[in-house]
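# Architecture and fold: a report
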Amino acid sequence: MITKEAVINNQVGLHARPATFFIQKANEFKSSIWIEKDDRKVNAKSLLGVLSLGIVKGTTIKIIADGSDENNAAQTLIDLIASDFSE
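A few points on the structure. Here the structure is a predicted model, which means the values were calculated and not measured. (Residues numbered from 1 in each chain as written. Predicted model: local features only at pLDDT ≥ 70, side-chain atom pairs only at ≥ 80, totals over all residues. Heavy atoms only, no water.)

### Examining the environment of S68
Relative to the helices and strands, S68 resides in the loop between strand 4 (60-66) and helix 3 (70-82). Owing to a relative accessible area of 69%, S68 belongs among the exposed residues under this scheme. In sequence terms S68 and K30 are 38 residues apart; their C-alpha atoms lie 7.0 Å from each other. Setting aside its immediate chain neighbours within four residues, S68 contacts K30 and S31. (Helix = DSSP H or I, 4+ residues; strand = E, 2+ residues; numbered from the N terminus. Buried < 20%, exposed > 50% of the residue type's maximum accessible area, 1.4 Å probe, protein only. Contact = heavy atoms within 4.5 Å.)

This is how it looks when you write it as structure tokens:
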């Protein structure tokens, strides 16, 4: 299991379009992936789960990946966040 922290810096946070990009990217991996904010942890492959966290600009989240491609999964999602969700 690997855990990485990231700060959401895009204007709308992890909502609607950025959340969709994030989930599509997470679903490319076999590993189980979660997003943790404060004391809540949700499946990173679930749109409803991700949106339920209400992640806004400036929020620090943890990405937790567990599985055969966990390192690649976590780093890819961190890179997506760092790019402010640009394709």
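### So, helix 1 (residues 17-26)
The set of residues buried in helix 1 consists of P18, A19, F22, I23 and A26. Buried residues in helix 1, looked at end-on, bunch into an arc of 130 degrees, giving them a common side. Where helix 1 is buried, its residues touch strand 2 (32-37), helix 2 (47-52), strand 4 and helix 3. (Arc of directions from axis to C-beta.)

### What about the nonpolar core?
Counting 26 residues, the largest nonpolar core has L14, F22, I33, I35, I61, I63 and I81 as the members making the most contacts within it. Contributions of two or more residues to this core are made by strand 1 (2-7), helix 1, strand 2, strand 4 and helix 3. A per-element tally of this core places helix 3 first, with six residues. Ignoring any residue separated from it by four or fewer positions in sequence, one finds I61 in contact with K4, E5, A6, I8, I35, E36, K37, I55 and I81. (Core = buried A, V, L, I, M, F, W, Y, C linked by side-chain atoms within 4.5 Å.)

### With respect to the sheet that holds strand 1
Read from one edge to the other, the open sheet built from four strands follows the order 1-4-2-3, with strand pairing classed as antiparallel. The sheet terminates laterally at strand 1 and strand 3 (40-43), the two strands that pair on one side only. Each strand of the sheet is rotated relative to its neighbour by a mean of 25 degrees, with strand direction disregarded. Examined bridge by bridge, strand 2 and strand 4 share five bridges and lie antiparallel to one another. Note that in strand 4 the partner of E36 across the bridge is K62. (Pairing = 2+ DSSP bridges. Axes fitted to C-alpha atoms, helices over the stretch in contact; angles between N-to-C directions.)

The values are spatial; any link to function lies outside them.
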